[in-house]
Amino acid sequence: MSNKMLKRCGIILALAVSIVFLPAVVPSGVSVVSGATVNQNMQKLGPGDTIDGTGFFTGNSIQIDGTVEGTAFAFGQVVRINGTINGDLVTCAQTLYISGTVKGNIYAAGQDLTVGTQANGDVFIAGQRVEIAKEALIGRDLFIGGDTVLMDGAIQREFYVNGSNVSISGIVGRNVNMEGTYLNLLDGANIKGDLSYRTHDKAKISSGAVVQGKTNWQYVEPVETTQKKTFVSDLT
């Protein structure tokens, strides 16, 4: 689990770096969104519109309802992606909604993220609140780092999550690896492999939740207790 979580953190760090430096290195031809409605505050790719290649969207509000035939970059305050991305999706927003179809991987960061997409690849997400909606289908692995996490969709393979309050009510095709504070398995949760988690208290598992493999729990001392002990040690 630790190696996978380190890899996830590395991907999210790389995403953060790309958000800072990408506008300076993307060729000028890529940043012009052909077929999109553009003004100072909003970029919109309407239904039926297509970008033949990479799409680069920036603005306060972004809405993609059409098709991007390549990788899509979307950075804004509010981002809504309802169309088709025939490549990877790299996006960062305060409020983010992803539905539609993404044929590649998804790399997303923000404050409030809702994901209901059909994604063929892996999905990497970092956010304060992350919801994987019931209609979401993740074709490979899902990696999430967040405060509040709700997973109500379907993951074909592995689920790796680090969060303060994690709730699972969806389907995981293989194993769940969780590290954080609280874990809740709600009615409808179906983990077809093993459940491995590291918290300072055992998970709350509903009678309507199913873990088909083994359940492995490892105790982790609460952060507050660890900080207090360090403080006392420094004083003595």
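The model shown is predicted, which means the values in this text are computed figures rather than measured ones.

Undergrad: Hey, could you run me through the side chain of Ser196 in this one?
TA: Within the secondary structure, Ser196 is located in strand β20 (residues 195–199). A polar atom in the side chain of Ser196 sits 3.4 Å from the side chain of Asn216. If near-sequence neighbours (up to four positions away) are discounted, Ser196 is found in contact with Val176, Asn177, Met178 and Asn216.

Undergrad: Help me understand the environment of Phe143 in this model?
TA: Tracing the sequence through the fold places Phe143 in strand β14 (residues 142–151). Classification of Phe143 by relative accessible area gives buried; the value is 5%. Along the chain, Phe143 and Asp122 lie 21 residues apart, while their C-alpha atoms are 7.9 Å from each other.

Undergrad: Any chance you could explain the sheet that holds strand β22 (residues 210–211) here in plain terms?
TA: What holds strands together in a sheet is hydrogen bonding between their backbones, with the strands either parallel or antiparallel. The strand order across the open sheet formed by ten strands is β3-β5-β7-β9-β11-β13-β15-β17-β19-β22, and the pairing between neighbours is parallel. Two strands bound the open sheet, and with one partner strand each, they are β3 (50–51) and β22. Bridging between strand β5 (residues 67–68) and strand β7 (residues 84–85) involves two bridges; their strand directions are parallel. The partner of Thr67 across the bridge, within β7, is Thr84.

Undergrad: I would appreciate a short explanation of the pairing of strand β8 (residues 89–98) in the present structure.
TA: For a regular strand, side chains alternate in direction, first toward one face of the sheet and then toward the other. When strand β6 (residues 72–81) meets β8, the two strands line up parallel, connected through nine bridges. Counted as the bridge partner of Ile81 is Ile98 from β8.

Undergrad: Looking at this model, I keep getting lost on the confidence of the model for the protein chain. Mind explaining?
TA: The predicted structure's coordinates, where accompanied by low pLDDT, should not be read in detail. Overall, the prediction assigns the protein chain a mean pLDDT of 85, with 77% of residues at 70 or greater. Throughout residues 19–34 the model reports pLDDT below 50, and contacts reaching past four residues in sequence, or to other chains, amount to 19 contacts.

Undergrad: Would you mind going over the pairing of strand β10 (residues 106–115) with me for this structure?
TA: Across nine bridges, the pairing between β8 and β10 is parallel. Across the sheet, the residue bridging to Cys92 is Ala109, located in β10. With nine bridges joining them, β10 and strand β12 (residues 123–132) adopt parallel strand pairing. Within β12, the residue paired with Ala108 across the bridge is Ile125.

Undergrad: When you look at the side chain of Asp141 in this model, what are you seeing that I'm missing?
TA: On the secondary structure map, Asp141 appears in the loop between β13 (137–138) and β14. A polar atom in the side chain of Asp141 sits 3.2 Å from the side chain of Arg157. Engagement of the side chain of Asp141 in a polar contact is seen with the backbone nitrogen of Glu158, the distance being 2.9 Å. For Asp141, the contacting residues outside a window of four places in its chain are Gly121, Asp122, Val123, Arg157 and Glu158.

Undergrad: Which parts of the structure should I look at to understand the pattern of salt bridges?
TA: Pairs may arise between side chains of opposite charge once their charged atoms sit close together. A full pass over the atoms with the stated rule returns five salt bridges. With a closest N to O distance of 3.3 Å, Arg140 and Asp122 form a salt bridge. Taken together, the residues Arg140 in the loop between β13 and β14 and Asp122 in the loop between β11 (118–119) and β12 connect sequence positions 18 residues apart. You can call Arg140 partly exposed: its relative accessible area is 34%. The residue Arg157 makes a salt bridge to Asp141 at a minimum N-O spacing of 3.2 Å. Of this pair, Arg157 sits in the loop between β15 (154–155) and β16 (159–168) while Asp141 sits in the loop between β13 and β14, placing them 16 residues apart in sequence. Because the salt bridges share partners, they merge into one network encompassing Asp112, Arg129 and Glu131.

Procedures and definitions
- Residues numbered from 1 in each chain as written.
- Predicted model: local features only at pLDDT ≥ 70, side-chain atom pairs only at ≥ 80, totals over all residues.
- Heavy atoms only, no water.
- Helix = DSSP H or I, 4+ residues; strand = E, 2+ residues; numbered from the N terminus.
- Polar contact = N/O pair within 3.5 Å; in protein donor to acceptor, adjacent residues only side chain to side chain.
- Contact = heavy atoms within 4.5 Å.
- Buried < 20%, exposed > 50% of the residue type's maximum accessible area, 1.4 Å probe, protein only.
- Pairing = 2+ DSSP bridges.
- pLDDT = per-residue confidence, 0-100.
- Salt bridge = Lys/Arg side-chain N within 4 Å of Asp/Glu carboxyl O.

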